[in-house]
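One-letter residues, chain by chain:
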Amino acid sequence: MTTIFNNFCKDKNAFINPADVLKPLPNFPEICVTTFSQKIIAEFIEQNNAKVIANLISANGIVPVYEIRYNNISVGLFLSRVGASACVVGLEEIIALGAKKIIQFGSCGILNQSVAENKIIIPTSAIRDEGTSYHYIEKSDEIIADKSSIEIVTQCLNEHNIPYVLGKIWTSDAIYRETTSLIKKRKEQGCIAVDMECSASLAVAQFRNIPIIQFLFGADNLDSDTWEQRDLTDYGLRSANKYILLALELAVTFGKEV
């Protein structure tokens, strides 16, 4: 695999491109919000006016893309599938439809409870322990998040008095291979949380020159002698309103950025 990752192909044109599958839609929302929790989206759609404006279609089924109005702006809302490669396919197709800015949020495992407990986590960088990002940017151990996007999140969180922490994320393809030794190593490298999509999402955003804002909320705890499942099976539903409203407030701020 080292040989494969060493041979990044710089050709921007692939044999199959997103534009070969999907064409831009007129008046498609320039700002799109996405999360990995179907429960969060379902609850929001049930309680708010939304219309389906597109569909992302795969063998896994159909993912509707909704348009909503928030503070007089149009915002797209769609479900991202779990896992780096599946998530990136969705981002690629949303960009092909016309999205210019992305806001992505989801759950993560806590690696440093003392600094991340009960706080929104803003990734400043991510260790690339997944395969997808290596098809989008040159090899490196880590990928750095865009500073301007981080500033937008911190500004919004400060305005709403929401506790947060900035830190490095460990992105891994294999949730059932997060071994004790690997967790220890990642913590020593400064990682405060682990997820499955952060580094790959940053990579495709860089490749397509699309700004992306990311924030995470803690689900299970890995900073313990034994695994603490906590809110993992809840998929964020307990605080769904808080997370989706934060994403929409970020969309408003994001929309003002030139």
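These figures come from a predicted structure and were not determined experimentally.

(A) Structural view of the overall build of the chain. Secondary structure summary: the chain contains nine helices and 10 strands in total. Compactness check: the chain gives a C-alpha radius of gyration of 18 Å against a globular reference of 18 Å for 258 residues, within 12% of the reference. Projecting the C-alpha coordinates of the chain onto the three principal axes gives extents of approximately 50 × 45 × 35 Å. Expressed as a percentage of the 258 residues in the chain, the buried residues total 51%. Counted over contacts in the chain with a minimum sequence separation of 6, partners at least 24 positions apart contribute 75%. Total accessible area on the chain is roughly 13200 Å²; 51% of this is exposed by carbon and sulfur atoms. The centroid of the 24 positive side-chain charges in the chain is displaced by 3 Å from the centroid of its 30 negative side-chain charges.

(B) Summary view of the packing of aromatic side chains. Taken as a whole and assessed by the stated rule, the structure comprises three aromatic pairs. Between the aromatic rings of tyrosine 136 and phenylalanine 207, the centroid separation amounts to 5.3 Å while the plane-to-plane angle is 85°, which identifies the pairing as edge-to-face. Here phenylalanine 207 lies in helix 8 (residues 198–208) and tyrosine 136 lies in the loop between strand 6 (120–129) and strand 7 (142–144), a separation of 71 residues in the sequence. Phenylalanine 207 gets classed as buried once you look at its relative accessible area, which sits at 14%. One residue, lysine 12, lies across the ring of phenylalanine 207, its end atom 4.0 Å from the ring centre. Taking NZ or CZ as reference, arginine 128 lies 4.0 Å from the ring centre of tyrosine 134, over its face.

(C) Up close: the side chain of threonine 154. Following the sequence through the fold, threonine 154 ends up in helix 6 (residues 147–159). A polar side-chain atom of threonine 154 sits 3.0 Å from the main-chain carbonyl oxygen of glutamate 151. Apart from the residues within four sequence positions on either side, threonine 154 is in contact with Ile122, Tyr164 and Leu166.

(D) Spatial organisation of unusual backbone geometry. One non-glycine residue, asparagine 27, lies in positive phi territory at about 60°. Within the element layout of this structure, asparagine 27 appears in the loop between helix 2 (18–21) and strand 1 (31–35).

(E) Examining the nonpolar core more closely. In terms of nonpolar packing, the biggest core is built from 76 residues, with Ile94, Ile103, Phe105, Ile121 and Leu250 touching the most fellow members. For this core, the leading source of residues is helix 9 (residues 240–256), giving nine residues. The residues contacting isoleucine 121, other than those within four sequence positions of it, are Cys108, Ile110, Ala116, Val165, Ile169, Ile192, Ala193, Phe215 and Leu216.

(F) Region of interest: a nonpolar patch on the surface. Where nonpolar side chains cluster on the molecular surface, the patch consists of Phe15, Ile16 and Val21 and spans about 410 Å² of accessible area. Positionally, isoleucine 16 belongs in the loop between helix 1 (2–6) and helix 2. Overall, the relative accessible area of 62% leaves isoleucine 16 in the exposed class.

(G) Layout of the side chain of serine 172. Relative to the helices and strands, serine 172 is located in strand 8 (residues 164–172). Within polar-contact distance, the side chain of serine 172 engages the backbone nitrogen of alanine 174 at 3.2 Å. Beyond its immediate stretch of four places on either side in the chain, serine 172 contacts Asp129, Glu178, Val194, Asp195 and Met196.

(H) The pattern of salt bridges, seen in detail. Throughout the structure, instances matching the rule amount to seven salt bridges. Lysine 51 is the salt-bridge partner of glutamate 67, the closest N and O atoms lying 3.6 Å from each other. Note that glutamate 67 is positioned in strand 3 (residues 61–70) and lysine 51 in strand 2 (residues 51–58), a separation of 16 residues in sequence. The partner of glutamate 188 in a salt bridge is lysine 184, with the nearest N and O atoms 2.6 Å apart. Taken as a pair, glutamate 188 and lysine 184 lie in helix 7 (residues 180–188) at a separation of four residues, close to a single helical turn. By the burial criterion, glutamate 188 is exposed, and lysine 184 matches it.

(I) Spotlight on the pairing of strand 6. For strand 6, the tally of buried residues reaches eight of 10 residues, placing the bulk of the element in the interior. Pairing analysis gives nine bridges linking strand 6 to strand 8, with the strands arranged parallel. Counterpart to arginine 128 in the pairing with strand 8 is threonine 171. Across three bridges, the pairing between strand 6 and strand 7 is antiparallel. Within strand 7, the position partnered with isoleucine 127 by the bridge is glutamate 142.

Definitions and cut-offs
- Residues numbered from 1 in each chain as written.
- Predicted model: local features only at pLDDT ≥ 70, side-chain atom pairs only at ≥ 80, totals over all residues.
- Heavy atoms only, no water.
- Helix = DSSP H or I, 4+ residues; strand = E, 2+ residues; numbered from the N terminus.
- Rg over C-alpha atoms; globule rule 2.2 N^0.38 Å.
- Buried < 20%, exposed > 50% of the residue type's maximum accessible area, 1.4 Å probe, protein only.
- Contact = heavy atoms within 4.5 Å.
- Areas by Shrake-Rupley, 256 points an atom, 1.4 Å probe, with all protein chains shown as cover.
- Lys, Arg positive; Asp, Glu negative; His and termini not counted.
- Charge placed at Lys NZ, Arg CZ, Asp CG, Glu CD.
- Phe/Tyr/Trp six-rings, centres within 6.5 Å; stacked < 30°, edge-to-face > 60°.
- Lys NZ or Arg CZ within 6 Å of the ring centre and 35° of its normal.
- Polar contact = N/O pair within 3.5 Å; in protein donor to acceptor, adjacent residues only side chain to side chain.
- Core = buried A, V, L, I, M, F, W, Y, C linked by side-chain atoms within 4.5 Å.
- Patch = residues over 30% accessible without salt bridge, like charges linked within 9 Å, V, L, I, M, F, W, Y side chains within 5 Å.
- Salt bridge = Lys/Arg side-chain N within 4 Å of Asp/Glu carboxyl O.
- Pairing = 2+ DSSP bridges.

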